[in-house]
Each structure stands twice: as structure tokens, then as C-alpha cells.
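Understanding the architecture of this molecule
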Amino acid sequence: MASQEIENLAAALARLPGLGPRSARRAVLWLVKHRETALKQVLDALGAVRDKLVECETCGNVDTQNPCTVCADPRRDTKAICVVEDVADLWALDRARLFTGKYHVLGGRLSALDGVRPEDLAIDSLLGRVEAGGVDEVVLAMNATLEGQTTAHYIAERLEGHPVRITQLAHGLPVGGELDYLDEGTLAQALRARRPLG
């Protein structure tokens, strides 16, 4: 057995998605074994992110600058906004490098069971971005779940009357699937085959 501090580190790592107690212990052992090189780098990187982490006031992305690197990129197409539920979805789509527009993070999805209402999500700020002008297309990239599709339809209804084309990802995504778990090929297919909603 290890000291309480090492056990606490393993327990903290085990709370991360994808890491269970055994994987966390292996990670701790590796960090301890490579403490002279890797441990310092990990601690420095965590410290830098902790001190600079902010939420982008434009899109809701999490970054170390505001506006985030996506919103600040002048090569991005400002006429298209891809709406996602969470930051993990934004990162998954952007990793595929197929969508060249801007993003908008809702911060969740509508759910009567969980008590998540429209005012709990960043829907009004999305409408504000569209109403400010210059947006031709809104891509609704909600997860292929009941709540995700409910959220997409609600946003489409709120966007009616605005001069924008509303599209959603193609239904090649698995039902119940979450974007941040899909491979780039599946995401590429879904983005290429997006279609108008309604």
C-alpha cells in the first residue's frame, strides 16, 4: 500500500472520465516512476490551465483566453454557427477539422426529468448572435438522444422567422450516441450529410 497522499492522488485521478481505480493507480505509478521529467510537466500544465481557464463569452467554449481560440480565429466562417450541447461536443467536432464556422455551446440539453428548462441553457445568447446579423446557417449538432432532438426542435422553433438556414447533423449517428465518443470518420459523414430541419 502507498501513503495517504498517493492514495488521494489515485482517488482524484479515478474520478476522471475513462479512468477507474486500477487505471488511476497505474497512472500514479507511472508518474511516480517518471517524477523527475513527466510529473513536473503535468503539474506545470495543470497549474497553467488552472490559473488561466475561462469560459468564452461569445460561444461558451472553455479555453485559456477570452474570446476563445476558435472565436478569435480570423479564418473561421462567421456566417455559420454549429450549436452543440457541451464543450466536449465542440472539441470532438473541431478535432475532425471539417466545420470551418463558429460554435455555440448550450451548456446541456432540455430535460423535463432533470429539470433543465430553456432558460437554463445558452439559447437566448444564440438568438442574440443570430439577430446581430451576418449568420446564414445554424447547424444543430445535438446528440442523437430524445433530449438532444427535443432541444434541436425547440431551437429550430425559436429561430423561425430569422433569415437563416437551419440544418442538423445527418441521422447516421447512432441513436443514443454522444458526439465526443464518435470517431472522426463518423463525424465527417454526419457533417457532410447534414440536411435542413423541418
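This is a predicted model, so every value here is computed, not measured. (Residues numbered from 1 in each chain as written. Predicted model: local features only at pLDDT ≥ 70, side-chain atom pairs only at ≥ 80, totals over all residues. Heavy atoms only, no water.)

1. Considerations on the nonpolar core
Heads up, the condition is: Throughout, nonpolar core names a set of buried Ala, Val, Leu, Ile, Met, Phe, Trp, Tyr and Cys residues whose side chains join them through atoms within 4.5 Å. Any residue under 20% of the maximum accessible area for its type is buried, any over 50% is exposed, and the rest in between are partly exposed; the area is computed with a 1.4 Å probe on protein chains only. Under the scheme used here, helices are H or I runs from DSSP no shorter than 4 residues and strands are E runs no shorter than 2 residues, and both carry numbers assigned from the N terminus. Contacts: residue pairs with any heavy atoms within 4.5 Å of one another.
Grouped together as the largest cluster of nonpolar side chains are 24 residues, with contacts concentrated most on C82 and L93. Breaking this core down by element, the ones donating at least two residues are helix 4 (69-72), strand 3 (77-84), helix 5 (87-96), strand 4 (101-105) and helix 8 (184-192). With residues up to four places along the chain from it excluded, the contact list for L93 reads C82, V84, Y103, A141, L179, L187 and L191.

2. Points about the pairing of strand 5 (residues 137-140)
As a reminder of what qualifies: Only when DSSP finds a minimum of two bridges between them are two strands counted as paired. A crossover gets the label right-handed when its path from the first strand over the helix to the second runs clockwise, viewed with the strands pointing away from the viewer.
Every second residue of strand 5 is oriented toward a common face, with E137 and V139 on one face and V138 and L140 on the other, all of them buried. Of the strand pairs in this sheet, strand 3 and strand 5 are connected by 4 bridges, and their pairing is parallel. Along strand 5, the bridge assignment pairs C82 with V139. You can see the chain leave strand 5, run along helix 7 (residues 146-159) and come back into strand 6 (residues 165-168), and the turn it takes is right-handed.

3. Focus: the side chain of Q168
Checked against the element boundaries, Q168 lands in strand 6. Beyond its immediate chain neighbours, meaning those up to four positions away, Q168 contacts L140, Q149, A152, R194, R195 and L197.

4. Here's the deal with a nonpolar patch on the surface
For clarity, the cut-off: Patch rule: a residue counts if its relative accessible area is over 30% and it has no salt bridge; like charges are joined within 9 Å, and nonpolar side chains (Val, Leu, Ile, Met, Phe, Trp, Tyr) within 5 Å. The Shrake-Rupley method, run with a 1.4 Å probe sphere, supplies the accessible areas, and residue values consider only the shown protein chains as cover. Salt bridge, as used here: a side-chain nitrogen of Lys or Arg that lies within 4 Å of a carboxyl oxygen of Asp or Glu.
Where nonpolar side chains cluster on the molecular surface, the patch consists of V42, L43 and L46 and spans about 280 Å² of accessible area. Its place among the elements puts L43 in helix 3 (residues 35-52). Overall, the relative accessible area of 52% leaves L43 in the exposed class.

5. As for the UniProt feature "zinc finger region: C4-type" (unreviewed entry) in the protein
Let me state the cut-off plainly: UniProt positions are given in the numbering used here, feature names are shortened, and annotations may be inferred rather than shown by experiment.
According to UniProt, the positions carrying the feature "zinc finger region: C4-type" (unreviewed entry) are residues 56-71. The distance from the first to the last C-alpha atom of residues 56-71 is 8 Å, and the span holds 19% helix and 12% strand.

6. Quick look at the state of the cysteines
Quick reminder of the rule: Here, two cysteine sulfur atoms that lie within 2.5 Å of each other are counted as a disulfide.
Counted by the stated rule, this structure contains 0 disulfides. Here C71 is not disulfide-linked; the sulfur of C59 is the nearest cysteine sulfur, at 3.6 Å.

7. Details of the sheet that holds strand 7 (residues 195-196)
As a reminder of what qualifies: Under this scheme, a helix contributes an axis fitted over its contacting stretch, all axes are lines through C-alpha atoms, and angles between N-to-C directions fall in the 0 to 180 degree range.
Read from one edge to the other, the open sheet built from 5 strands follows the order 4-3-5-6-7, with strand pairing classed as mixed. Of all the strands in the sheet, just strand 4 and strand 7 have a single pairing partner and so form its edges. Of the strand pairs in this sheet, strand 5 and strand 6 are connected by 4 bridges, and their pairing is parallel. By the bridge assignment, E137 is partnered in strand 6 with R165. Against the sheet, helix 6 (residues 123-131) touches strand 3, strand 4 and strand 5, its axis set at about 150 degrees to strand 4.

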